[in-house]
Each structure stands twice: as structure tokens, then as C-alpha cells.
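Summary of structural features
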Amino acid sequence: MKSKLITLTACLTLFLGFSQENDSNSANNATVYFVRASGLGALINFTYFDGEEPIGKFNGPKYLKYECSPGEHLFWAKSENKSFVEANLKSGGIYIIDVVPQMGGLKAGVKLVPVDKNNYKLKKIQKLLSKRESETFDETQRKKIKSGETVVKGMERYSKLKEKNSEKIGLLSEDMTVNKEDLIFIKKK
């Protein structure tokens, strides 16, 4: 039993990347997981943004662990359509946005769903996080994502939705945090 506990702890440390150095850095930032657990439209890339800045582009099922400054953010994703989440993040907070593929006309659409762990089933998300490493994008890779026209159209679409007080804009509030333990899949016996 003791060796299983040590092995589990070692795996969690490797999987979640929680060294003392990362913990101190994470305490100053907020962490947002963009998790695409569904295999629907798996070949279609979704592009992710923090305001006007691209933060990644990948097909599914995969995820992106994104560290950013606390405070207000506009996260959005682009595929055949665009989906938006307004976020207010606290320092040291861990958040999840479920990236849900939608049926589209020519290719898969995207819907970003802010996760409130109190009323959201995390099992599929936890399984994905336990099976894969996070997609990573350094500054050079993010700059290669073609975003000029995309950002302009995305911001125009967001402005139109905002004017209408659209319910299509998700809200990730400061209190919708998860704990490190919430990210771990535990197989029930």
C-alpha cells in the first residue's frame, strides 16, 4: 500500500508539474485548462485566444494548460464559428474551460463552456488529463498562428454579441476554481 501511495504521488507530481518552483510561479498567476475531451470533429483544429493574442491551435481530444495574469480576460476559440468566455481570474486559481465540438455546416463548430465543478461532471476531463501531456506553445509557435484577420473578425463578433447582451458569451467567475485533486481521475472499484 505504501509503495502504491509513493508511486501515485510521484506520478501526480510528474503529471501535474507541481514542483516548488512551479507552485510559487502559479501562486502569482492563474491557470486555465482548455480541455477538448470529446472526439467529435477530432481532425478539425480549433484556435484559442486570450483577447487578441493567440495562445494555441490543436485538434482533439487534447488540452492546453495556459498560465496568465489574474484579472479580467476574454477567452475565445475559432473554428467554423467563434465562442467566447469572459473571465475574472484570481491569483493562484485553477480553472477549466470545456471545449465542446459542435456540428457545423462545413466543419466542426466550437463551444467554450466554463466549468463549475459543483454542477459539472469532470470524469471525461479527468481521464483526458491523466492520459495526455498538455499541448505547449512557445512565443514563436504562437506568433506563427495566423491571427490578423481572424482577431479583427473575432472582436467584431464579440462586440455584436455584447451589444445584444447575448447569453452566448460564457462567464468564468473568480470563484469557479478547481483544486489540483479535482483534476485527477480515480478509477472506482
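Everything numeric in this text was worked out from a predicted model, so none of it was measured.

1. A short note on the sheet that holds strand β2 (residues 46–50)
The strands making up a sheet are joined through hydrogen bonds of the backbone, oriented either antiparallel or parallel. Taken in spatial order, the five strands make up an open sheet running β3-β2-β5-β6-β9, and their pairing is mixed. Where the open sheet ends on each side, the last strands, each with one partner, are β3 (53–58) and β9 (169–172). Sheet twist, expressed as the mean angle between neighbouring strand axes with direction ignored, is 20 degrees. Relative to strand β6 (residues 82–89), strand β5 (residues 71–78) runs antiparallel, the two sharing eight bridges. Within β6, the position partnered with Phe75 by the bridge is Val85.

2. Things to note about the packing of aromatic side chains
Note on aromatic pairs: each is described by the distance of the centres and the angle between the planes. Inspection of the entire model under this criterion finds eight aromatic pairs. Seen from their ring centres, Phe49 and Trp76 are 4.1 Å apart, and the 15 degrees between their planes marks the pair as stacked. Of this pair, Phe49 sits in strand β2 while Trp76 sits in strand β5, and the two are 27 residues apart along the sequence. Exposure remark for Phe49: the relative accessible area of 0% places this residue in the buried category. These aromatic residues form a ring-pair network of at least three members: Phe34, Tyr48, Phe58, Tyr66 and Phe75. Positioned over the ring face of Phe46 is Arg36, at 3.7 Å from the centre of the ring.

3. Points about a positive patch on the surface
A surface patch of positive charge is lined by Lys123, Lys127, Lys131, Arg132, Lys187 and Lys188. Its location among the elements puts Lys123 in helix α3 (residues 123–131).

4. Topic: the pairing of β5
Bridge count for β2 against β5 is four bridges, and the pairing is antiparallel. Counted as the bridge partner of Asp50 is Phe75 from β5. Counting the residues in the hairpin turn of β5 and β6 gives three residues.

5. Considerations on the side chain of Thr150
Mapped onto the fold, Thr150 is located in helix α5 (residues 148–163). Ignoring any residue separated from it by four or fewer positions in sequence, one finds Thr150 in contact with Phe49, Trp76, Lys78 and Lys82.

6. Topic: the sheet that holds strand β4 (residues 62–68)
Spatially, four strands are ordered β4-β1-β7-β8 in an open sheet, and the strand pairing comes out mixed. In this open sheet, the two strands that pair with only one neighbour each are β4 and β8 (109–114). This sheet shows a mean twist of 20 degrees between the axes of neighbouring strands, independent of strand direction. Of the pairings in the sheet, the one linking strand β1 (residues 30–36) to strand β7 (residues 94–102) comprises five bridges and is parallel in character.

Cut-offs used in this document
- Residues numbered from 1 in each chain as written.
- Predicted model: local features only at pLDDT ≥ 70, side-chain atom pairs only at ≥ 80, totals over all residues.
- Heavy atoms only, no water.
- Pairing = 2+ DSSP bridges.
- Helix = DSSP H or I, 4+ residues; strand = E, 2+ residues; numbered from the N terminus.
- Axes fitted to C-alpha atoms, helices over the stretch in contact; angles between N-to-C directions.
- Phe/Tyr/Trp six-rings, centres within 6.5 Å; stacked < 30°, edge-to-face > 60°.
- Buried < 20%, exposed > 50% of the residue type's maximum accessible area, 1.4 Å probe, protein only.
- Lys NZ or Arg CZ within 6 Å of the ring centre and 35° of its normal.
- Patch = residues over 30% accessible without salt bridge, like charges linked within 9 Å, V, L, I, M, F, W, Y side chains within 5 Å.
- Areas by Shrake-Rupley, 256 points an atom, 1.4 Å probe, with all protein chains shown as cover.
- Salt bridge = Lys/Arg side-chain N within 4 Å of Asp/Glu carboxyl O.
- Lys, Arg positive; Asp, Glu negative; His and termini not counted.
- Charge placed at Lys NZ, Arg CZ, Asp CG, Glu CD.
- Contact = heavy atoms within 4.5 Å.

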